[in-house]
Amino acid sequence: MPVPEENENELIAQILAYLDETHLKESEHIKHELAWLETLEKVMLHHPEIEGGWKKNKSFDMLNKILMSTTLHIPPRVMNLRNYLVTKLHVFSTLFAIVKDISAFSVPLRASMLTITSFFTMEKVCSSCLRDNFISKEVKNRLADELVFLWDNGPNIKKAFFFGYLEQLWVARDKTSPTYGTMDGNSEIIRLSMEMPKEWDDFLKEQGDDKETINALLEFVFGLSYEDIVRERERLSRAKMQSVNEIELKKVFGAIEFAYTSIKNADPGRFYDFFIERYEKTLFRRSIFIEEASEAPKRTIEEIYLEYLASKV
């Protein structure tokens, strides 16, 4: 589970106390990096908030310019926030590598790393929705408010309203690796949903038989592209196999090059990469039309879920 902000400093203090006794050289290095991190936070907070300009103009052009422009046109607060969070992720990654075998340290530390990763994913999901011509202006206004809140509140990103729901989704996926089975995804979706709030159940019920939602969710739970899922189902049928696990999948079907990289990695940053891989695949599908892949999702499950949440507020 995500680590509350008030507990994070205590966690770091406990880890440093341990390092002082066991890894003194590494401890001194980490303390130096943490001091620099504190400086970066002060620099970031020094710059004007984005909210004032957004509330005054309500200009999506302004937000899109921030999201899509070159480095020279990004407001200092946003640029410094990103630098701060990337630096924090690297510092925590260094700590994690040292204490990975001590679960009392590594588990909450990894949760904090996943939260940082989630910020960048959330930023990307929001920006994609803001550029979607099929999403209403009312919903876009709510998502824009969320994005501006994220930028302005920096380290307190977990206080953002929609962010919590998306982070829950990524944390739930982190805890539920696919079993594959019959390749219908039912087991994976059930286990994922058990970790999710009521809003997720309402979302699934309302989306019903929507093919895009179902197939985007299957990509998410399996870690495979829609095209790969279809291919593996066909191979399963040809091999006359009722179900398959990960080991059998690789053994029976050989060295298959899947569209997405495995997310089984100690680095929570892989979740951001996993989103980007799926997002770029949806962009490619929008740009072409292949009859055989007409039911392939044109949006990620995060985009679909976020639009749903914003439409219900």
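Calculation notes
- Residues numbered from 1 in each chain as written.
- Predicted model: local features only at pLDDT ≥ 70, side-chain atom pairs only at ≥ 80, totals over all residues.
- Heavy atoms only, no water.
- Helix = DSSP H or I, 4+ residues; strand = E, 2+ residues; numbered from the N terminus.
- Buried < 20%, exposed > 50% of the residue type's maximum accessible area, 1.4 Å probe, protein only.
- Contact = heavy atoms within 4.5 Å.
- Areas by Shrake-Rupley, 256 points an atom, 1.4 Å probe, with all protein chains shown as cover.
- Axes fitted to C-alpha atoms, helices over the stretch in contact; angles between N-to-C directions.
- Parallel < 35°, antiparallel > 145°, perpendicular 65-115°, else oblique.
- Nonpolar A, V, L, I, M, F, W, Y, C, P; charged D, E, K, R; others polar.
- Core = buried A, V, L, I, M, F, W, Y, C linked by side-chain atoms within 4.5 Å.
- Salt bridge = Lys/Arg side-chain N within 4 Å of Asp/Glu carboxyl O.
- Phe/Tyr/Trp six-rings, centres within 6.5 Å; stacked < 30°, edge-to-face > 60°.
- Lys NZ or Arg CZ within 6 Å of the ring centre and 35° of its normal.
- Polar contact = N/O pair within 3.5 Å; in protein donor to acceptor, adjacent residues only side chain to side chain.
- Disulfide = S-S within 2.5 Å.

Draft legend 1. Looking closely at the overall build of the protein chain. When helices and strands are tallied, the protein chain shows 15 helices and zero strands. The buried share among the 313 residues of the protein chain stands at 48%. Residue pairs at least 24 apart in sequence account for 71% of intrachain contacts in the protein chain once pairs closer than 6 positions are excluded. Carbon and sulfur atoms form 53% of the exposed surface of the protein chain, whose accessible area is close to 15,800 Å².

Draft legend 2. Expanded view of the packing of helix 7 (residues 137–153) against helix 15 (residues 301–312). For the pair helix 7 and helix 15, the least separation of the axes is 9 Å and the interaxial angle reads 100°. By the angle between their directions, the pair helix 7 and helix 15 is classed as roughly perpendicular. In this structure, helix 7 contributes Val139, Arg142 and Leu143 to the contact, and helix 15 contributes Leu306, Glu307, Ala310 and Ser311. Of the residues assigned to the contact of helix 7 with helix 15, the class counts are four nonpolar, one polar and two charged.

Draft legend 3. Highlighting the environment of Thr182. Following the sequence through the fold, Thr182 ends up in the loop between helix 8 (161–175) and helix 9 (186–193). In this structure, the C-alpha to C-alpha distance between Thr182 and Gln242, residues 60 residues apart in sequence, is 6.2 Å. Not counting chain neighbours up to four residues away, the residues in contact with Thr182 comprise Leu236, Gln242 and Ser243.

Draft legend 4. Seen up close, the nonpolar core. Grouped together as the largest cluster of nonpolar side chains are 84 residues, with contacts concentrated most on Leu109, Met122, Leu169, Trp200, Phe220, Tyr305 and Leu306. With twelve residues, the single largest contributor to this core is helix 6 (residues 103–130). In this view, Leu169 contacts Leu192, Met196, Trp200, Phe220, Ile301, Glu302 and Tyr305; residues no more than four positions away in its chain are not counted.

Draft legend 5. How the structure looks around the pattern of salt bridges. Under the criterion given, the structure shown has 20 salt bridges. With its nearest N and O atoms 2.7 Å apart, the salt bridge here joins Asp202 to Lys198. On the criterion of helical spacing, the pair formed by Asp202 and Lys198 is a turn pair, its members being four residues apart in helix 10 (residues 198–207). Its relative accessible area of 57% is what places Lys198 among the exposed residues. One salt bridge in this structure joins Arg278 and Glu302, with 2.7 Å as the shortest N-O distance. A residue pair is termed long-range when its members are at least 10 positions apart, and Arg278 in helix 14 (residues 269–287) and Glu302 in helix 15 qualify at 24 residues. Of the two residues, Arg278 and Glu302, both sit in the buried class.

Draft legend 6. The packing of aromatic side chains, seen in detail. Scanning the model with the defined rule gives eleven aromatic pairs in all. Their ring planes at 85° and their centres at 5.1 Å tell us that Phe119 and Phe120 sit as a pair that is edge-to-face. A single burial state applies to Phe119 and to Phe120, both of which are buried. An angle of 5° between the planes, with centres 5.8 Å apart, marks the rings of Tyr180 and Phe222 as stacked. Of this pair, Tyr180 sits in the loop between helix 8 and helix 9 while Phe222 sits in helix 11 (residues 211–222), placing them 42 residues apart in sequence. On the basis of relative accessible area, Tyr180 is assigned to the buried category, the value being 9%. Every member of this aromatic cluster is reached through a ring pair, and the members are Trp200, Phe203, Tyr305 and Tyr308. One Lys or Arg, Arg278, reaches over the ring of Phe274 and ends 4.2 Å from the middle of that ring.

Draft legend 7. Main features of the side chain of Arg299. By the element assignment, Arg299 lies in the loop between helix 14 and helix 15. Assessed through its relative accessible area of 17%, Arg299 is described here as buried. A polar contact of 2.6 Å, which involves the side chain of Arg299, links it to the side chain of Glu307. Beyond its immediate sequence surroundings of up to four residues, Arg299 is in contact with Asp132, Glu212, Ala216, Thr282, Arg286, Ile304 and Glu307.

Draft legend 8. Geometry of unusual backbone geometry. The phi dihedral of Tyr180 falls on the positive side, at around 70°, and the residue is not glycine. Backbone geometry places Met183, a non-glycine residue, at a positive phi of 70°. When you line up the elements, Met183 lands in the loop between helix 8 and helix 9.

Draft legend 9. Up close: the state of the cysteines. Under the definition given, this model contains zero disulfides. Counting only cysteine sulfurs, Cys129 is the nearest neighbor of Cys126, a cysteine outside any disulfide, at a range of 6.7 Å. With a relative accessible area of 0%, Cys126 lands in the buried category. Since its relative accessible area comes to 2%, Cys129 is described here as buried.

Draft legend 10. Molecular detail of the packing of helix 10 against helix 15. At a minimum axis distance of 11 Å, the contact between helix 10 and helix 15 shows a crossing angle of 100°. The angle between helix 10 and helix 15 places the two elements in the roughly perpendicular class. Where helix 10 approaches helix 15, its residues Glu199, Trp200, Asp202, Phe203, Glu206 and Gln207 are matched on the opposing element by Ile301, Ile304, Tyr305, Tyr308, Leu309 and Lys312. Residue composition of the contact of helix 10 with helix 15, by class: seven nonpolar, one polar and four charged.

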